[in-house]
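Commentary on secondary and tertiary structure
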Amino acid sequence: MADGWCTDTGESVYRSRDAVKNLRIRVRIQRVTSTAALSQHLHQQVLSQQDRGVIELDTFSSQTQAASTDAEELVVGWQEKFFSQYEVDLYQTESNCQTPLERQYHTEIMAMERSKRRQNQRIFTYTDFDRFSKWEEQAQSLLIPAQSTPTFLAERMANVRHRRQERRPVESVVPKSRLITWEPSEEFIKNSHIINTPVQTMHIMGDLGPSGKLGLKENEYILCTIKADGNGVITIKPDFNNNRGAYRLETQGEKREVWRLYLENASSDIHAEEKEREQRMYRDLYTRHKDYLNSLVGQDFEMVRIIILIQTHFSAQGYEYDNLYVHFFLDLPNSKSTYSQPHREGKNISKVQSHTYTFIMFSTFFHKEDESDGSLPQWPVLYFKVLSLDFWQRYRTEGYGFLVIPSTPGYHRMTCRTWRPLQSGTVAELRRFFIGGAPELEDISYVRVPGTFKGKRLSRFGFRTQTTGSVTFTLNCIQHARAFIDASTLKKRRQTVLDQLGGHSQQGSVYNVLEAFQRARNRMQEARETLPRDLINTSAQLNSESSA
Amino acid sequence: MAELHIIGQIIGATGFPQNSLFCKWGVHAGGAWRLLSGLKEGQTQVDIPQTGDMAYWSHPIDLHYTTKGLQGWPKLHLQVWHQDSFGRCQLYGYGYIHVPSSPGQHRLQCVTWRPLGSWQDQLAEMFVGGGPQLRSPDLIYSGADRYRLHTVGMGTVELELCVILRHFDRYGVES
């Protein structure tokens, strides 16, 4: 019975693009007394026995209605003003009305009294225009013991929030001139330094005094607070019950009474046809925009055999001398390949302090026209040599190195150490120091595998080198090949390039056949289902007849 | 056609001799690329950091390219300038960086360099400022004539770029 209390009274946030004036909430309060508990228990018993049709419900509902001042239900719209007994008593006398708002209340109350229609007894509301909202936000403290003065920020925000009651469209245009306001006014400071999203508040209150003694200010309790801001955010505290059980309200007076509170969303839904129209409009808008973008983008893309696009930055560090420059070139292994890019070789001279970098960037783009099936492409290799040229025009080799372009596309960062060849004896080193000039490699491919190498074992016996600094490469690699397109439609995305280009042809053909067969079978089944039953049967009969 | 979105910011610069800096940036792409939306060049504000060495701009970059081919992948080039208290502007560095080709978020450092003149020029530069500049800024991102320059390395510009690729896999591009 009374065990289903909902203890979660936190606020919840709803977002809606519809106008908040369509919001309606059904509020129901009910005092928990012994008779009420008993009647509810009996009510539940009845409900469980309803299928037997033993007891009728009418008798019990009338009993609960007898204690009418102990329960009330009301549907409240957004900013709809319902008067409490206290307000009715207060505003009936004209002398009490000072502001125009109060005078308006007075006229409304008089009209209500004359027509004798009063919808609410206990449940009433405070709208945004009443003083209650301002008082509550400003003066009521959030702490125990209550703080006497609000904080500076609270003061500022209280004044600003309630002044901006109208909906102001957000200005998203940045002015081209006079971006800075050199002498801001007080008003400007107040509006710009503080969050000032206009918020409209509404409180649904309940007068929970004993029946017969309604209209005392001490018995007013907040049942529900609703805040709506200009961006379509609606905050309701506490949230709708949603079958979680009633909220428990306890009065503070001498007699502590317990009340049950139910909140329900009673807003009417949008009409089906209006909703349909709105959705259709959005859909048209989006498809039109998408078509427009597609028309701008176009459909073609250049088709090639294989392209590997590399973008590189590199920096050198750790070298003996400053004023380095790097001479690099990209070796394309297959003699039949062509390449088309502006700089395969390049040099750059840069003066450098000992620990900072030289920076050279280039982008190459190599593409292979013929793809002989079965032969795996050999990946290009980047050879480079680091040299230094100083003020006295002394020219020295600083290092040689090579880098194999990585086979996976993406971003790579690697460091390559370099070495320089040494000649035995001190004369060569002395010469290098004083005059410049050092042994160089004739064929730079010697760094990796010499071009003239034939045989199984490479021997560098007798070649002496010294390690010098290192060069760090940052590479962005993209690979573009026709073979990749078929692979993606086969939904095999994660295979490596070698798998795709090598074994693809055989696997691909078998898979293609299987897929085609599957598709044909599906089509046949679908066609079969759409045919009427008797047709199939007659055809079966015909077949059997013909075979017989 | 494939599409490329570049969304990011030029965060700031560090490592320069003086730190009251601004940056002129631009994006250069090849002939097969077409810019659908966004500004492809701009200039940041002058930032004078009060504490620390790094000048922060947080300048937004939001570009939408469409392309017919891979050649001419977009490159972002920068010129870092220094504005002193008298309002004079002096070049502090040129730099360029490729827009990354793999999708995702990338934090990039673009190092810059400044061309050097003869020793007389350098001496004059120490006193009155100024210094040689490139006649045409295309040289920042092309490498053909670079060997004719003498340069000195300057500071670093930090960028954060998010790259989104679309329909590249349809044409068989792996990245």
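Residues numbered from 1 in each chain as written. Chains lettered and ligands numbered in written order. Predicted model: local features only at pLDDT ≥ 70, side-chain atom pairs only at ≥ 80, totals over all residues. Heavy atoms only, no water.

As annotated in an unreviewed UniProt entry, chain B carries the name B9 domain-containing protein 2 and comes from Cyprinus carpio carpio. Turning to chain B, the UniProt record has this under Subcellular location (unreviewed entry): "Cytoplasm, Cytoskeleton, Cilium basal body". Check the Function (unreviewed entry) section of the UniProt entry for chain B; it says "Component of the tectonic-like complex, a complex localized at the transition zone of primary cilia and acting as a barrier that prevents diffusion of transmembrane proteins between the cilia and plasma membranes." (UniProt positions renumbered as here; feature names shortened; annotations may be inferred.)

Going by an unreviewed UniProt entry, chain A carries the name MKS transition zone complex subunit 1 and comes from Cyprinus carpio carpio.

1. Description of the overall build of chain A
When helices and strands are tallied, chain A shows 13 helices and 19 strands. Restricting to contacts in chain A with at least 6 residues of sequence separation, those with at least 24 account for 73%. A total accessible area of about 35,300 Å² is found for chain A, and carbon and sulfur atoms account for 52% of it. (Helix = DSSP H or I, 4+ residues; strand = E, 2+ residues; numbered from the N terminus. Contact = heavy atoms within 4.5 Å. Areas by Shrake-Rupley, 256 points an atom, 1.4 Å probe, with all protein chains shown as cover.)

2. Notes on the overall build of chain B
The secondary structure content of chain B amounts to one helix and ten strands. Secondary structure elements in chain B, listed N-terminal to C-terminal, are β-β-β-β-β-β-β-β-α-β-β. In chain B, which comprises 175 residues, the proportion classed as buried is 54%. Counting contacts in chain B only where the partners sit at least 6 residues apart, residues at least 24 apart contribute 77% of the total. If you sum the accessible surface of chain B, you get close to 7,900 Å²; carbon and sulfur atoms cover 50% of it. (Buried < 20%, exposed > 50% of the residue type's maximum accessible area, 1.4 Å probe, protein only.)

3. Regarding the pattern of salt bridges
Close approach of charged atoms lets side chains of opposite charge pair. Residue and element names in this part refer to chain A. Applying the stated criterion across every chain yields a total of 18 salt bridges over all chains. In this structure, Arg28 engages Glu73 in a salt bridge whose closest nitrogen and oxygen atoms are separated by 3.9 Å. Of this pair, Arg28 sits in strand β2 (residues 24-31) while Glu73 sits in strand β3 (residues 71-77), placing them 45 residues apart in sequence. Across the pair Arg432 and Glu398 runs a salt bridge whose closest N-O atoms are separated by 3.5 Å. Here Arg432, found in helix α9 (residues 426-434), pairs with Glu398, found in strand β17 (residues 395-404); they are 34 residues apart in sequence, far enough to count as distant. Residues Arg432 and Glu398 agree in their burial class; the two are buried. (Salt bridge = Lys/Arg side-chain N within 4 Å of Asp/Glu carboxyl O.)

4. Focus: the packing of helix α3 (residues 85-92) of chain A against helix α4 (residues 100-115) of chain A
Residues and elements named next belong to chain A. Viewed as axis vectors pointing N to C, α3 and α4 meet at an angle of 105°, and their least axial separation amounts to 9 Å. In terms of orientation, α3 and α4 fall into the roughly perpendicular class. Here Glu87, Val88, Tyr91 and Gln92 of α3 come into contact with α4, specifically with Glu102, Tyr105, His106, Ile109, Met110, Met112 and Glu113. Within the contact of α3 with α4, the residues separate by chemical class into six nonpolar, two polar and three charged. (Axes fitted to C-alpha atoms, helices over the stretch in contact; angles between N-to-C directions. Parallel < 35°, antiparallel > 145°, perpendicular 65-115°, else oblique. Nonpolar A, V, L, I, M, F, W, Y, C, P; charged D, E, K, R; others polar.)

5. Remarks on the nonpolar core
Counting residues in each nonpolar core, the largest one holds 40 residues, and the members touching the most others are B:Trp73 and B:Phe168. The set of elements that each furnish at least two residues to this core consists of β1 (2-14), β2 (21-28), β5 (55-67), β6 (75-83), β7 (89-98), β8 (104-115) and β9 (151-166) of chain B. Here the element with the most residues in this core is β9(B); it accounts for seven residues. Grouped together as the second largest cluster of nonpolar side chains are 31 residues, A:Ile123, A:Ile226, A:Ala228 and A:Leu249 included. (Core = buried A, V, L, I, M, F, W, Y, C linked by side-chain atoms within 4.5 Å.)

6. Notes on the sheet that holds strand β4 (residues 123-126) of chain A
All names here are of chain A. The strand order β1-β7-β6-β5-β4 describes an open sheet built from five strands, whose pairing is antiparallel. Two strands in the sheet have a free side with no partner beyond their single neighbour: β1 (12-15) and β4. In this sheet, adjacent strand axes meet at a mean angle of 20° when their direction is disregarded. Note that β4 and strand β5 (residues 199-207) share four bridges and pair antiparallel. By the bridge assignment for β5, Phe124 is matched with Met205. (Pairing = 2+ DSSP bridges.)

7. Here's the deal with the side chain of B:His82
In this structure, B:His82 sits in strand β6. Setting aside residues up to four positions removed in sequence, B:His82 forms contacts with B:Gln18, B:Ser20, B:Leu21, B:Arg88, B:Cys89, B:Gln90 and B:Tyr92.

8. Description of the side chain of A:Thr397
On the secondary structure map, A:Thr397 appears in strand β17. Once you skip the residues sitting within four places of it in the chain, A:Thr397 turns out to touch A:Val386, A:Leu387, A:Arg420, A:Arg432, A:Ala438, A:Pro439 and A:Glu440.

9. Points about the state of the cysteines
One pass over the full model with this rule turns up zero disulfides over all chains. The thiol sulfur of B:Cys23 is not disulfide-bonded, and the nearest other cysteine sulfur, from B:Cys110, lies at 8.6 Å. (Disulfide = S-S within 2.5 Å.)

10. What to know about the sheet that holds strand β9 (residues 258-265) of chain A
All names here are of chain A. An order of β3-β2-β9-β8 is seen for the four strands of this open sheet, with the pairing classed as antiparallel. Bordering the open sheet on either side are β3 and β8 (247-250), each of which pairs with just one other strand. Neighbour-to-neighbour, the strand axes of this sheet turn through a mean angle of 25°, independent of strand direction.

11. Considering the packing of aromatic side chains
Note on aromatic pairs: each is described by the distance of the centres and the angle between the planes. Scanning all chains against the criterion turns up 15 aromatic pairs over all chains. Arranged with centres 5.7 Å apart and planes meeting at 50°, the rings of A:Tyr91 and A:Tyr105 form a pair that is tilted. Here the residue A:Tyr91 occupies a position in helix α3, and A:Tyr105 occupies one in helix α4, the gap between them amounting to 14 residues. Neither A:Tyr91 nor A:Tyr105 differs from the other in exposure class; each is buried. Residues B:Tyr94 and B:Trp113 carry aromatic rings whose centres are separated by 5.6 Å and whose planes lie at 55° to one another, so their mutual orientation is tilted. Here the residue B:Tyr94 occupies a position in strand β7, and B:Trp113 occupies one in strand β8, the gap between them amounting to 19 residues. Both residues of the pair, B:Tyr94 and B:Trp113, belong to the buried class. An aromatic cluster is defined as three or more aromatic residues linked by ring pairs; in this entry it consists of A:Tyr400, A:Trp419, A:Tyr446 and A:Phe463. Positioned above the aromatic ring of A:Tyr262, the side-chain terminus of A:Arg28 is 4.3 Å from the ring centre. (Phe/Tyr/Trp six-rings, centres within 6.5 Å; stacked < 30°, edge-to-face > 60°. Lys NZ or Arg CZ within 6 Å of the ring centre and 35° of its normal.)

12. Structural notes on a nonpolar patch on the surface
All names here are of chain B. Taken together, Trp119, Leu123, Met126, Phe127 and Val128 make up a surface patch of nonpolar side chains, about 640 Å² in accessible area. Of note, Trp119 is situated in helix α1 (residues 119-128). Given a relative accessible area of 57%, Trp119 falls into the exposed group. (Patch = residues over 30% accessible without salt bridge, like charges linked within 9 Å, V, L, I, M, F, W, Y side chains within 5 Å.)

13. Observations concerning unusual backbone geometry
Between A:Lys237 and A:Pro238 the backbone carries a cis peptide bond, its omega angle lying at -10°. Mapped onto the fold, A:Pro238 is located in the loop between β7 (233-237) and β8. Within the chain, A:Gln393 stands out as a residue other than glycine whose phi angle is a positive 65°. Relative to the elements of secondary structure, A:Gln393 occurs in the loop between β16 (381-389) and β17. For B:His167, which is not glycine, the phi torsion reads 70° and is therefore positive.

14. Quick notes on the environment of B:Ile97
Residue and element names in this part refer to chain B. Locating Ile97 in the fold gives a position in strand β7. With relative accessibility at 3%, the residue Ile97 sits in the buried group. Once the C-alpha coordinates of Ile97 and Val111 are considered, the two residues, 14 residues apart in sequence, prove to be 8.5 Å apart.

15. Details of the confidence of the model for chain A
Residue and element names in this part refer to chain A. For chain A, the average pLDDT comes to 74, and 70% of its residues sit at 70 or higher. When the criterion is pLDDT under 50, residues 335-364 qualifies, and its contacts beyond four places in sequence or with other chains add up to 106 contacts. In this model residues 543-548 is a low-confidence stretch, pLDDT under 50, and it forms zero contacts with partners more than four residues away in sequence or in other chains. (pLDDT = per-residue confidence, 0-100.)

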